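# Examining the three-dimensional arrangement
Chain by chain, the residues:
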Amino acid sequence: MVCKTTKNKARAAEYQKHLATGQLPQVEYLTGVDYSDVIQIPAYSYQEDYPDLYVEKSNFVKEESDRPIVYLTFDDGPSANTVQVLDILKANNIKATFFVVNSNIEAHQQLYKRIVDEGHTLGIHTYSHQYTQIYSSVDAYLADFNNIFQKVYELTGVKPTIFRFPGGSINTYNQNFYTELIAEMLRRGFTYYDWNVSSGDAGTTYTSAAIQNAVVTGCLNKQRSIVLMHDSSTKATTVGALQNIINALKDTHEFRPLDNSVEPTVFTYKDNGVGR
């Protein structure tokens, strides 16, 4: 991006200040600030790729609730553990959000369909989940994302509009080009979600009790909680914690699924390196 010649020097200075912090995509995304009068965006070759990889962006809608809202989100599935997660959610009449990967798509295709059919939100997490591969360039990320986006659409008839970056939107793998990557995904209409409550289950040592404590404690003093959990094949302890988490929060909190009308929680540069 480069500054245009402009009579509005204050606007140009404001733009340069945000650009220098590395936060420009987030500033524009969350505040609706329009810098079109002072900047121009050069054409990149990847902007011409994948002409079907666009969705219609929704306006954010103010959340109305008389109770704090909890958005349960599950990354890295589907797997056999997803079946149990879905069973628990169904028994409790709770809708959640699943950020899926290519977890043996052909074998698990019924799970992608079940997520949609039971009213949950299906979002993209990437096809390969291989950090060094997907974060080697914007082109590589788009190629991977398009692969699973098209496959999910083929299996479910739904075009996902939301996604989660593996490792979060700013991490040690994409730190040199995350502003460019975020800007391109937003340009294509997609909405991304980080989190403000972590279950801790990304590691291998968390027990079900520890996961339950992390989620319940993390949600207690927040009006809205986007909770990071996982439903891959190794996360049996997450399944073991889920019913207790629901029991602990259901009388005081409201559970909802994400969709692209929900204003996202996004990381800033100081959060670099968190998550999985």
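Since the model is a prediction, treat every value here as computed from it, not as a measurement.

## Considerations on helix α8 (residues 208–220)
Here α8 contains 13 residues, and its C-alpha end-to-end distance of 18 Å stays within 8% of the 18 Å for a straight helix at 1.5 Å per residue. Buried residues of α8: Ile 211, Val 215, Val 216, Gly 218 and Cys 219, and no others. Across the axial projection of α8, the buried residues extend over an arc of 165°, all falling on one side. Buried-residue contacts for α8 involve β3 (69–75), β8 (197–198), β9 (224–230) and α9 (236–249).

## Considering the nonpolar core
Residues Leu 72 and Leu 89 are the most contacted members of the largest nonpolar core, which totals 69 residues. Broken down by element, this core gets its largest block of residues, eight residues, from helix α6 (residues 138–156). Once residues lying within four places of it in the same chain are set aside, the contact partners of Leu 72 are Leu 89, Ala 96, Thr 97, Val 227, Met 229, Leu 242, Phe 255 and Arg 256.

## Topic: the packing of α8 against α9
Closest axis-to-axis distance for the α8/α9 pair is 8 Å, and the angle between their directions is 35°. Where α8 crosses over α9, the handedness of that crossing is right-handed. Contacts between α8 and α9 involve Ser 208, Ile 211, Gln 212, Val 215, Val 216 and Cys 219 from the former and Thr 237, Thr 238, Gly 240, Ala 241, Asn 244, Ile 245, Ala 248 and Leu 249 from the latter. Of the residues in the contact of α8 with α9, the class split is eight nonpolar, six polar and no charged.

## Quick look at unusual backbone geometry
Geometrically, the link from Gly 77 to Pro 78 is a cis peptide bond, its omega value of 5° lying close to zero. Positive phi is not limited to glycine here, since Thr 126 has a value of about 130°. As for its placement among the helices and strands, Thr 126 is situated in the loop between β5 (121–124) and α5 (131–134).

## Some words on the packing of helix α3 (residues 80–91) against α9
Two elements in contact, α3 and α9, have axes whose closest approach is 9 Å; the angle formed by their N-to-C orientations is 5°. When the axes of α3 and α9 are compared, the pair comes out roughly parallel. Of α9, the residues touching α3 (which contributes Asn 81, Gln 84, Val 85, Ile 88 and Leu 89) are Ala 236, Val 239, Leu 242, Gln 243 and Ile 246.

## Quick word on α3
The end-to-end C-alpha distance of α3 is 17 Å, a good match for the 16 Å that 12 residues give at a rise of 1.5 Å each. The set of residues buried in α3 consists of Asn 81, Thr 82, Val 85, Leu 86, Ile 88 and Leu 89. Angularly, the buried residues of α3 cover 160° about the axis, an arc narrow enough to put them on a single face. Among the exposed residues of α3, those pointing more than 90 degrees away from its buried face are Ala 80, Lys 90 and Ala 91. Between the side-chain oxygen of the N-cap and the backbone nitrogen of Asn 81 there are 3.1 Å, and the N-cap of α3 in question is Ser 79.

## What about the side chain of Asp 201?
Mapped onto the secondary structure, Asp 201 falls in the loop between β8 and α8. With no salt bridge to any partner, buried Asp 201 finds its closest opposite charge in Lys 235, at an N-O distance of 5.7 Å. At a separation of 2.6 Å, a polar atom in the side chain of Asp 201 contacts the side chain of Thr 238. Apart from residues no more than four positions distant in its own chain, Asp 201 is found in contact with Tyr 206, Ile 211, Leu 228, Met 229, His 230, Lys 235 and Thr 238.

## Quick word on the pairing of β3
The buried fraction of β3 is high, at seven of seven residues. Burial of the side chains of β3 extends over both faces: Ile 69, Tyr 71, Thr 73 and Asp 75 are buried on one face and Val 70, Leu 72 and Phe 74 on the other. The sheet contact formed by β3 and β9 spans seven bridges and is parallel. Residue pairing for β9: Tyr 71 is matched across the bridge by Ile 226. Alignment of β3 against strand β10 (residues 254–255), held across two bridges, turns out to be parallel. For Ile 69, the partnering residue across the bridge sits in β10 and is Glu 254.

Conventions we followed
- Residues numbered from 1 in each chain as written.
- Predicted model: local features only at pLDDT ≥ 70, side-chain atom pairs only at ≥ 80, totals over all residues.
- Heavy atoms only, no water.
- Helix = DSSP H or I, 4+ residues; strand = E, 2+ residues; numbered from the N terminus.
- Expected span 1.5 Å × (residues − 1).
- Buried < 20%, exposed > 50% of the residue type's maximum accessible area, 1.4 Å probe, protein only.
- Arc of directions from axis to C-beta.
- Contact = heavy atoms within 4.5 Å.
- Core = buried A, V, L, I, M, F, W, Y, C linked by side-chain atoms within 4.5 Å.
- Axes fitted to C-alpha atoms, helices over the stretch in contact; angles between N-to-C directions.
- Left-handed = near helix turned anticlockwise from the far one by under 90°.
- Nonpolar A, V, L, I, M, F, W, Y, C, P; charged D, E, K, R; others polar.
- Parallel < 35°, antiparallel > 145°, perpendicular 65-115°, else oblique.
- Polar contact = N/O pair within 3.5 Å; in protein donor to acceptor, adjacent residues only side chain to side chain.
- Lys, Arg positive; Asp, Glu negative; His and termini not counted.
- Salt bridge = Lys/Arg side-chain N within 4 Å of Asp/Glu carboxyl O.
- Pairing = 2+ DSSP bridges.

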